[in-house]
Amino acid sequence: MPNLITDPSSSGLSRYGWTASLDDSFTEHRAAGLVPARIVRVDRGRCDAVTESGLVRARLMTSHSPDPLLAPCTGDWAALRPGPEPELVTLLPRHSMIVRSSASRSSHGQVLAANVDIVGIAVSLAVPLDAAKLERLLALAWESGATPLVILTKADLAADADVVRTEVSTLAPGVDVLVTSVTTGQHLDVLTALLSGTTVLLGPSGAGKSSLCNALLGEDVLATGETRAQDGKGRHTTVRRELVPLPGGGVLIDTPGLRGISLYDAADGLERVFAEIERLARDCRFGDCSHDSEPGCAVQAAIRAGELIERRLGSYRKLQRENAWEASRTDARLRGERTNRQKAITSHLRATYKFRDRQS
């Protein structure tokens, strides 16, 4: 993690992750009378942002790109114009962002959080493990550029937490997996020590994200709710993404429970999640092996030998198809936008030429 700046005038922002590098890059904005800020939450065309002077309510810029990927979101660093009506002028470049396919099912992506260092994936031990959902969340986390961390919650309600931990470790190669309980305090000290920089918590409703946040904060800052006994699902007690500072340093972003987890341009993330299949595929006889019935398929050989479960390969194929489909829709949209821009330019030129002809 970069060293935080220690200048007293920026001590408020240091608590939220402001660094010497960010301060250097802000010179031009500061010369223009703007001040640095970090977005805490966004709603209804405005945002709450923390500045060197404290928390302010600011209007979002009115001329930002229509692309949702470029819209302000929780975790963004921004340049703010101070005054009686503060206004967010521009966003600073992001070093990471968590993106899923838009909930509207358009070809746009939706940014869940920006400038994140650790993605904590909350998985409840009170209900059966949903391996496919965990794989999706892991792909989302790896693709963001942040480091995933699987947090198994509600260990006090688990029949055998160690068995689930072993299964999750198999599904999440190269990822730390931690068993926790807010009720008993199990491993909360370990979790606190693992968190640094900006951490976001992701997971379905009822996974215990808000309770975990409150435990890490040392007070009931975020609302929590009961879960249904039959399926362990809960209400959306968190209704929007919100950034809060942790007592021991760093900041935490709680998010609403994710019902739909559609991937968006997550090819690299899928390679990390299914690293063992990618590794086996390099030993297949044919470079374009579909891992189905081709001779010399190392992936199928691993399944027959019991080294790879068939469900894992099925999940890999399904997510690859979904990701490819989303990518094709995005390409089609971009082609359409380019065509429309070209038509508009051509139409404008024709109108200009007609006007000139009438004037001559």
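Scroll up for the structure.
Residues numbered from 1 in each chain as written. Predicted model: local features only at pLDDT ≥ 70, side-chain atom pairs only at ≥ 80, totals over all residues. Heavy atoms only, no water.

### Section: the overall build of the chain
Working step 1: Summing up its helical and strand segments, the chain has eleven helices and 13 strands in all.
Working step 2: The proportion of buried residues among the 360 residues of the chain is 46%.
Working step 3: In the chain, of all internal contacts separated by at least 6 residues, the share reaching a separation of at least 24 is 63%.
Working step 4: With the model as given, the accessible surface of the chain reaches about 18600 Å², and the carbon-plus-sulfur share is 51%. (Helix = DSSP H or I, 4+ residues; strand = E, 2+ residues; numbered from the N terminus. Buried < 20%, exposed > 50% of the residue type's maximum accessible area, 1.4 Å probe, protein only. Contact = heavy atoms within 4.5 Å. Areas by Shrake-Rupley, 256 points an atom, 1.4 Å probe, with all protein chains shown as cover.)

### Looking at the environment of Val 42
Working step 1: Among the structural elements, Val 42 can be located in strand 1 (residues 35-43).
Working step 2: Residues Val 42 and Pro 72, spaced 30 residues apart in sequence, show a C-alpha to C-alpha distance of 7.6 Å.

### Re the pairing of strand 13 (residues 251-254)
Working step 1: Side chains of strand 13 alternate between two faces, with Val 251 and Ile 253 and Leu 252 and Asp 254 buried alike.
Working step 2: With three bridges connecting them, strand 11 (residues 198-202) and strand 13 associate as parallel partners. What sits directly across from Thr 198, in strand 13, is Val 251.
Working step 3: The antiparallel pairing of strand 12 (residues 242-245) with strand 13 creates a hairpin that spans five residues between the two strands, and Gly 249 there sits at a positive phi of about 110°. (Pairing = 2+ DSSP bridges.)

### Comments concerning the state of the cysteines
Working step 1: Taken as a whole and judged by the stated rule, the model has zero disulfides.
Working step 2: The closest cysteine sulfur to the non-disulfide-bonded Cys 297 is located on Cys 289, 3.7 Å from its own sulfur.
Working step 3: Overall, Cys 297 belongs to the buried group, its relative accessible area being 5%. (Disulfide = S-S within 2.5 Å.)

### Things to note about the sheet that holds strand 10 (residues 176-179)
Working step 1: Taken together, the six strands give an open sheet; going across it, the order is 10-9-8-11-13-12, and neighbouring strands pair in mixed fashion. Bordering the open sheet on either side are strand 10 and strand 12, each of which pairs with just one other strand. Each strand axis lies, on average, 25° off the axis of its neighbour in the sheet, ignoring direction.
Working step 2: Pairing of strand 8 (residues 118-124) with strand 9 (residues 147-153) involves seven bridges; the strand directions are parallel. Note that in strand 9 the partner of Val 119 across the bridge is Pro 148.
Working step 3: Relative to the sheet, helix 4 (residues 131-144) contacts strand 8, strand 9 and strand 11, its axis offset from that of strand 8 by approximately 170°. (Axes fitted to C-alpha atoms, helices over the stretch in contact; angles between N-to-C directions.)

### Considerations on the packing of aromatic side chains
Working step 1: With the rule as written, the count across this model stands at three aromatic pairs.
Working step 2: Here Phe 274 and Tyr 316 contribute two aromatic rings whose centre-to-centre distance is 5.1 Å and whose plane-to-plane angle is 50°, an arrangement assigned as tilted. Here Tyr 316 lies in helix 11 (residues 310-359) and Phe 274 lies in the loop between helix 8 (267-273) and helix 9 (275-281), a separation of 42 residues in the sequence. An identical accessibility class is assigned to Phe 274 and Tyr 316; each is buried.
Working step 3: Grouped by ring-pair contacts, the aromatic residues Trp 18, Phe 26 and Trp 77 constitute a single cluster.
Working step 4: In this arrangement the basic side chain of Arg 272 is found over the ring face of Trp 142, its NZ or CZ atom lying 3.7 Å from the centre. (Phe/Tyr/Trp six-rings, centres within 6.5 Å; stacked < 30°, edge-to-face > 60°. Lys NZ or Arg CZ within 6 Å of the ring centre and 35° of its normal.)

### Some remarks on the pattern of salt bridges
Working step 1: Under the criterion given, the structure shown has 14 salt bridges.
Working step 2: Arg 41 is paired through a salt bridge with Asp 48; the nearest N and O atoms lie 2.3 Å apart. An identical accessibility class is assigned to Arg 41 and Asp 48; each is buried.
Working step 3: The shortest N-O distance in the salt bridge between Arg 57 and Asp 48 comes to 3.0 Å.
Working step 4: Classification of Arg 57 as partly exposed rests on a relative accessible area of 33%.
Working step 5: We classify Asp 48 as buried; its relative accessible area is 12%.
Working step 6: Each of Arg 41, Asp 43, Asp 48, Arg 57 and Glu 242 takes part in salt bridges that share partners, so that together they form one network. (Salt bridge = Lys/Arg side-chain N within 4 Å of Asp/Glu carboxyl O.)

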